[in-house]
Amino acid sequence: MTAVRLPQGLPRRFSLRPAVRPVLCLLPLALVLVVGVRHRSVLVEGFGHLESAEWPWLAAAAAATCLTWVAAAFTRQGAVVERLPARRLLATQFAAGAANHLLPTGLGASAVNLRFMTVCGVPLARSSAALALYLLAESIARLGLLLGLLIAFPGALRIGSLLPDGAIGPLLLGVGVVLCAAAATLLLVRRLRTAVFSFLRTALGEARSVHSRPSRALALWGGSLAFPLLQAAGLAAVGQALGLPVPPAHMAVAYLAATVAVALVPTPGGIGSVEAALVVALVAAGGPVAVATAVVLAYRIITVWLPLLPGALTLGALVRWKVI
């Protein structure tokens, strides 16, 4: 049989991949630069507040932030039956944090973790189910902690001051309209209904498999509870560093309430919306506006801006090493 030769000018298949991969490695750094330039005034003001803070409390806030990546790694491992490589899983959570602050809320971290699980050999359908289980467990844990703290400290948050008069009715009406529209879409669009039900069957099967193993269930729910607690502890530590006259438990309530509310706003990493919601929540908890603003800016410097560049570098390295 005569061999067929390709024309000399025709590039081979996948010949562009070596050129594309370095570009993907540099993309996170470019996004960090763009986001940093856009929020340079916030960075300058936040670093200014850090100069006057008590450093032992800031160190505690930084330690709590580092432990959130460990908690996220435990939760991710608990959401899938297969054993994931521990070091690469932890590095992926650090990189996913940077990706989450560069893309709409939750999208960056979800994409990074989905890719990591598929590279580790978990089928795409089960990786998606594990991702949904993680998000569900984290949401349940966050809401459960918020409700528990509100019951334990009923006066921690003056909720009436957070909403304008007459806003609850339209808010509930809007939620009802969205739910009815989603249900009608599922009933009318057969392809969508089939895809959703197929995904739910896969997700339920994955959840049963995970909860049949006590170590996985403990990692899933323990990490889901530890993650928001560590985030709230970091905010409380920054509040102590800057002398915010609000009890730490009340600051934890304010943090959980603000993050639950801001989850509905699809901004990159909640940048802008998280700051506003946290300031409002801390003021509702009894803090002065000026001090609450300083606490929030300093907290976001520690939890978002300081890890952003090393997280982006880690993300680029993981892409280059084909971990994700």
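For clarity, every value in this text was computed on a predicted model and none was experimentally measured.

About the criteria used
Residues numbered from 1 in each chain as written. Predicted model: local features only at pLDDT ≥ 70, side-chain atom pairs only at ≥ 80, totals over all residues. Heavy atoms only, no water. Axes fitted to C-alpha atoms, helices over the stretch in contact; angles between N-to-C directions. Helix = DSSP H or I, 4+ residues; strand = E, 2+ residues; numbered from the N terminus. Parallel < 35°, antiparallel > 145°, perpendicular 65-115°, else oblique. Left-handed = near helix turned anticlockwise from the far one by under 90°. Contact = heavy atoms within 4.5 Å. Nonpolar A, V, L, I, M, F, W, Y, C, P; charged D, E, K, R; others polar. Patch = residues over 30% accessible without salt bridge, like charges linked within 9 Å, V, L, I, M, F, W, Y side chains within 5 Å. Areas by Shrake-Rupley, 256 points an atom, 1.4 Å probe, with all protein chains shown as cover. Salt bridge = Lys/Arg side-chain N within 4 Å of Asp/Glu carboxyl O. pLDDT = per-residue confidence, 0-100. Phe/Tyr/Trp six-rings, centres within 6.5 Å; stacked < 30°, edge-to-face > 60°. Buried < 20%, exposed > 50% of the residue type's maximum accessible area, 1.4 Å probe, protein only. Lys NZ or Arg CZ within 6 Å of the ring centre and 35° of its normal.

1. Observations regarding the packing of helix α6 (residues 124-152) against helix α9 (residues 214-241)
For the pair α6 and α9, the least separation of the axes is 9 Å and the interaxial angle reads 55°. It follows from the interaxial angle that α6 and α9 lie oblique. Relative to α9, the crossing made by α6 is right-handed. Where α6 abuts α9, its residues L133, A137, E138, I140, A141, R142 and L145 lie against L220, W221, S224, L225, F227, P228, L229 and Q231. Split into classes, the residues belonging to the contact of α6 with α9 amount to 11 nonpolar, two polar and two charged.

2. What to know about a nonpolar patch on the surface
The grouping of L67, V70, F74 and L90 at the surface amounts to a nonpolar patch, some 340 Å² of accessible area in total. By residue number, the principal contributor to the nonpolar patch is helix α3 (residues 55-78), which donates three residues. Note that V70 resides in helix α3.

3. Things to note about the confidence of the model for the protein
The predicted model of the protein averages 83 in pLDDT, with 78% of residues at 70 or higher. A low-confidence stretch, residues 6-16 (pLDDT under 50), is modelled with zero contacts involving residues beyond four sequence positions or located in other chains.

4. Focus on the packing of aromatic side chains
Inspection of the entire model under this criterion finds two aromatic pairs. Pairing W69 with F94 gives two aromatic rings, centres 4.7 Å apart and planes at 65°, and the pair type is edge-to-face. Of the two residues, W69 sits in helix α3 while F94 sits in helix α4 (residues 86-102), which places them 25 residues apart along the sequence. The interplanar angle of 75° and the centroid separation of 6.1 Å between the aromatic rings of Y255 and Y299 together place this pair among those described as edge-to-face. With Y255 in helix α10 (residues 248-262) and Y299 in helix α12 (residues 289-320), this pair connects stretches of sequence that are 44 residues apart. Of the two residues, Y255 and Y299, both sit in the buried class. Here R76 stacks its cationic end above the ring of Y134, 3.6 Å away from the centre of that ring.

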